[in-house]
Amino acid sequence: MLKDITLGQFFPGNTIVHRLDPRTKILAVVLYIVALFSANSVLTYAIVMVALTVSILVSKVPFRSLTKGLKPIIIIVIFTAVMNLFFTKGTPVCDVWLLRHITWEGLVAAVKMLLRIVMLIMGTFLLTYTTSPIALTDGLESLLGFLKKIKAPIHELSMMMSIALRFIPTLIEETDKIMSAQKARGADFESGNIFRRAKALVPILVPLFISAFRRADELATAMECRCYHGGEGRTALHVLRYERADWLVLGGFIVLAAGIIVLGRFGL
């Protein structure tokens with residue numbers, strides 16, 4: 001299960017999506033989320049799904065990697081779908097035992113919520129898969145630069161977010177190594193009920209926290225040795241500039257979000 005968590009990984013490439021300005025990709029994801037949560041019909045969901053499919057094909061990110069990232073949250077997705085299925089009022093599907101508690105409106109709501117969560121996760125994962133942590137930091141800092149006028153520590157916040165994303169795969173790998181070492185010493189993480197399994201995971205937390213703090217201390221020391229003192233007075237090695245492709249992609253996602261909102265207003 002731990003190996004299925006792919007959040008924070010970066011797949012290097014030379015596709016159009018990889019070469020886009022990080023600010024363009026961040027704004028495109030925001031517009032994509034707006035369009036996704038504004039979709040409310042078969043037509044609008046189909047349009048958003050086509051946009052996501054085209055983005056995946058152009059980025060050349062393995063589709064298996066995107067679906068693999070869904071495995072750790074499959075329980076949450078199923079739970080959300082079941083809650084919508086049984087607790088949405090409307091016309092019962094059938095007057096037979098359990099089916100009388102399932103309504104057609106609940107069935108539609110469950111399918112919509114299922115699609116929304118899956119497409120949301122796949123769309124946001126595509127951002128981290130095609131954008132390096134450094135580029136993501138630069139993009140966030142540039143987009144939120146206007147907040148510097150009110151003395152907000154934008155550079156530091158962006159750096160913290162990128163470091164957190166960068167070290168998610170590292171901590172997952174460290175957890176897997178600790179679990180393998182514990183199993184070699186006779187630990188059992190798979191048998192028993194859910195409470196017993198949770199209790200068996202407690203011995204993993206202590207070495208994991210020690211390892212995390214050690215890595216954090218090493219990272220802080222390395223940054224201090226490189227004279228890092230925050231964003232004040234720093235210059236960028238690669239200056240971000242919008243190209244023609246960035247404007248085209250950004251315009252396309254603006255049209256997508258606006259179109260979905262307009263179609264929703266007309267009940268389509």
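About the criteria used
- Residues numbered from 1 in each chain as written.
- Predicted model: local features only at pLDDT ≥ 70, side-chain atom pairs only at ≥ 80, totals over all residues.
- Heavy atoms only, no water.
- Helix = DSSP H or I, 4+ residues; strand = E, 2+ residues; numbered from the N terminus.
- Areas by Shrake-Rupley, 256 points an atom, 1.4 Å probe, with all protein chains shown as cover.
- Lys, Arg positive; Asp, Glu negative; His and termini not counted.
- Charge placed at Lys NZ, Arg CZ, Asp CG, Glu CD.
- Core = buried A, V, L, I, M, F, W, Y, C linked by side-chain atoms within 4.5 Å.
- Buried < 20%, exposed > 50% of the residue type's maximum accessible area, 1.4 Å probe, protein only.
- Contact = heavy atoms within 4.5 Å.
- Patch = residues over 30% accessible without salt bridge, like charges linked within 9 Å, V, L, I, M, F, W, Y side chains within 5 Å.
- Salt bridge = Lys/Arg side-chain N within 4 Å of Asp/Glu carboxyl O.
- Axes fitted to C-alpha atoms, helices over the stretch in contact; angles between N-to-C directions.
- Parallel < 35°, antiparallel > 145°, perpendicular 65-115°, else oblique.
- Left-handed = near helix turned anticlockwise from the far one by under 90°.
- pLDDT = per-residue confidence, 0-100.
- Phe/Tyr/Trp six-rings, centres within 6.5 Å; stacked < 30°, edge-to-face > 60°.

S.K.: What should I look at first to understand the overall build of the protein chain in this one?
M.R.: Looking only at helices and strands, the protein chain has 11 helices and 0 strands in total. In sequence order, the protein chain lays out its α and β elements as α-α-α-α-α-α-α-α-α-α-α. Considered along the principal axes of its C-alpha atoms, the protein chain spans approximately 70 × 60 × 35 Å. Surface summary for the protein chain: the accessible area is close to 17200 Å², and the carbon and sulfur share equals 69%. If the 29 positive side-chain charges of the protein chain are averaged to one point and the 18 negative ones to another, these points end up 5 Å apart.

S.K.: How do you make sense of the nonpolar core when you look at a structure like this?
M.R.: Generally speaking, soluble globular proteins have nonpolar side chains that are buried together. Formed by 27 residues in total, the largest nonpolar core has its most connected members in Tyr32, Val48 and Met119. Counting only elements with at least two residues in this core, the list comes to α2 (22-38), α3 (42-59), α6 (104-130) and α11 (244-265). Tallying contributions element by element places α6 first for this core, with 7 residues. Among residues more than four places away in sequence, those in contact with Tyr32 are Val48, Leu52, Met119, Leu120, Gly123 and Phe253. Within the second largest apolar cluster, 5 residues are counted, among which are Ile26, Val29, Leu136 and Leu140.

S.K.: Just to check I follow, could you spell out a nonpolar patch on the surface for this structure?
M.R.: Together, Leu43, Ile47, Val262, Phe266 and Leu268 make up an exposed nonpolar region whose accessible area comes to about 480 Å². The residue Phe266 is located in the segment after α11 in this model. Under the relative-accessibility criterion, Phe266 is labelled exposed at 68%.

S.K.: Explain the pattern of salt bridges here, please?
M.R.: Pairs may arise between side chains of opposite charge once their charged atoms sit close together. The final tally for this structure, using the stated rule, is 3 salt bridges. Here Arg23 makes a salt bridge to Asp21, at a shortest N to O gap of 3.0 Å. The exposure class of Arg23 is buried, given its relative accessible area of 10%. Residue Asp21 is classed as buried on the basis of its relative accessible area of 4%. Put simply, Arg215 and Glu174 hold a salt bridge, and the shortest N to O gap is 3.1 Å.

S.K.: Help me out: how do you make sense of the packing of helix α8 (residues 154-184) against helix α10 (residues 202-225) in this one?
M.R.: To describe two helices that pack against each other, one gives the angle between their axes and the distance between the axes. Contact geometry for α8 and α10: axes closest at 10 Å, N-to-C directions at 140°. When the axis of α8 is compared with that of α10, the two are oblique. Classified by chirality, the crossing of α10 by α8 is right-handed. Contact residues: α8 offers Ile163, Phe167, Thr170, Leu171, Glu174, Thr175, Ile178, Met179 and Gln182, while α10 offers Pro203, Ile204, Pro207, Leu208, Ser211, Ala212, Arg215 and Leu219.

S.K.: Explain the confidence of the model for the protein chain here, please?
M.R.: A low pLDDT score tells you not to read the predicted coordinates there in detail. Looking at the protein chain, pLDDT values average 81 and 91% of them are 70 or higher. Looking at the elements of the protein chain, mean pLDDT is at its lowest for helix α9 (residues 194-200), recorded as 71, and at its highest for α2, recorded as 92.

S.K.: Would you explain the packing of aromatic side chains in this entry?
M.R.: Going through the model one piece at a time under the given rule, you end up with 3 aromatic pairs. Ring geometry for Tyr242 against Trp247: centres 5.0 Å apart, planes inclined by 40°, an arrangement best described as tilted. For Trp247, a relative accessible area of 53% gives the class exposed.

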